[in-house]
Amino acid sequence: MGSFSTNAYGEGRYYTFTYSTSQDQVKNTTTLNWTLSCAGGVSWYAERTLILTIDGSNVVSKTDRVARYAGNIASGSKTFTHDANGNKSISVKIQAAVETSSITCSGSSTITFPQIKRKSTFGTVSGNTIGGTVTININRNNSSFTHSLWYKVKENGSWVEAVKNVATSGSFTLPMSICSSIPNDNSVYIGLCIQTFNGSTEIGNSYSSITAYVPLSAAPTVSFALSDNKGYSSTYGGYVQNNSELHIATTATANNSATIKTITVKATISGTTYTYYGSSVNISLPTSGTWTISVSATDSRGKSTTAASQSITVLAYSNPTITALSARRTDSSGNATSNGSYLQVIFSATATSLNSKNTTTFQIKYKKKSVSSYTSATLSSYQNKYSVSGGSYIFQAETSSGYDIQLVVTDKFKTVISQTTGNSVSKVFSFFKNGLGIAFGKVAEAEAIAEFDWKIKANKGLTVV
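A quick note: this is a predicted structure, and the numbers were derived from the prediction, not measured. (Residues numbered from 1 in each chain as written. Predicted model: local features only at pLDDT ≥ 70, side-chain atom pairs only at ≥ 80, totals over all residues. Heavy atoms only, no water.)

Caption draft 1: Quick peek at the packing of aromatic side chains. With the rule as written, the count across this model stands at 18 aromatic pairs. For the ring pair Trp 44 and Tyr 69, a centre distance of 6.5 Å and an interplane angle of 45° mean the geometry is tilted. Residue Trp 44 is found in strand β4 (residues 44–54), and its partner Tyr 69 is found in strand β6 (residues 66–69); the two are separated by 25 residues along the sequence. Since its relative accessible area comes to 37%, Trp 44 is described here as partly exposed. Look at Tyr 69 and you get partly exposed, because its relative accessible area is 49%. Within the aromatic cluster, the residues linked to one another by ring pairs are Phe 4, Phe 17, Tyr 19 and Trp 34. (Phe/Tyr/Trp six-rings, centres within 6.5 Å; stacked < 30°, edge-to-face > 60°. Helix = DSSP H or I, 4+ residues; strand = E, 2+ residues; numbered from the N terminus. Buried < 20%, exposed > 50% of the residue type's maximum accessible area, 1.4 Å probe, protein only.)

The structure is reproduced here in structure tokens:
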């Protein structure tokens, strides 16, 4: 309801435009119901011209002279169509010539009709996972309106109609194929549109957007296999410390258009973790015990998957050790005698058993000091022994010669050698041939040398020149 009036003439004559409105939301129209009246002044006035213009059209237009009494002059209705956004404004103008041929009373007004709500708008939107369901709740302005829902991938993407003919809510699935447009990203802009219809007539569109994320199911798959490059684990029932080489072969597959960027291998032993990178990794094993291996793969979107960890047992291993080695003169039965014609080699050694599957051999090598080549003797009675204490080997030795002696211990992985000497038989003193060398306590074996197999006690001091 509204009104406006012209200016007054004479003793107070003026004209008034009064109106009311009604709206049709479906048709997007407003109907204006109006009345033109006059009031004020004496009982009547001579009126020649009267023009009422509504929205550019003259709905009252007269130029003949009449006696105009106060009261209603004219009324009517007019329907106006709003624009696509539901807006409409009109202009109304009154012109009257009272007691003269010239316009004496005039007035105008712009009437803005209430907006007719047209296109539906977004309510709550749920769901933001590629491959998952997006639900759009719709605020519609008329119960007869229906809607199509659209989406587009990235701001410059093409619109895709996802669902038709929904009322106040609609759902659709964001296809996994969207991932192909973002091989290096974990999320993407998704434009949303509600297209509003009245029957088959499009009313308008409302827009919004969400950020959609690549699902966890698109993370890479990863598996790995462990093996011993040297093949020792199958022989000894475990990997061998410092000798086996652990090989980690990883198979990783990226999903939904991503690519594998990083494969990370972690090997943990006794609280210490070693980190390696790559699909084919070789690891030395310096520590015995249980090693736990884990492998993860990271794709170009930053998604990671870690395979179930695996464990291996690394058997403790150390090189063979010769803990004692000596030689003495004996008779053939091994009885010690300084003038014996045999040398007895006495030794102790240890080796790692590796579940009693390691192999060990013991070998004595000896030669006279005056020659260069050794005679070898394999001690078969000590084969595959892992701890020998007081081991013995006797061989016939010339009484006039000292001997160089070696003990060689070999297992599957290492050979160790220790050396000692065996003396000639004992003599108070002995001259080397031609008298050009002398020995005390043993047989002389070298020229121009004084040899001592006894301790030297020099009561008056010892001078070396």
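Picking up after the structure, the text goes on.
Caption draft 2: Inspection of the side chain of Asn 358 at higher detail. Along the chain, the position of Asn 358 falls in the loop between β27 (342–350) and β28 (360–368). You can call Asn 358 buried: its relative accessible area is 2%. Aside from chain neighbours lying at most four places away, what touches Asn 358 is Tyr 236, Tyr 317, Thr 352, Ser 353, Asn 384, Tyr 386, Asp 411, Lys 412 and Phe 413. (Contact = heavy atoms within 4.5 Å.)

Caption draft 3: Up close: the sheet that holds strand β11 (residues 133–139). Within the open sheet, the three strands sit side by side as β10-β11-β14. Their pairing is antiparallel. Sheet topology places β10 (121–126) and β14 (169–173) at the edges, where each strand pairs with a single neighbour. Across the sheet, the mean angle from the axis of one strand to that of its neighbour is 25°, orientation sign disregarded. (Pairing = 2+ DSSP bridges. Axes fitted to C-alpha atoms, helices over the stretch in contact; angles between N-to-C directions.)

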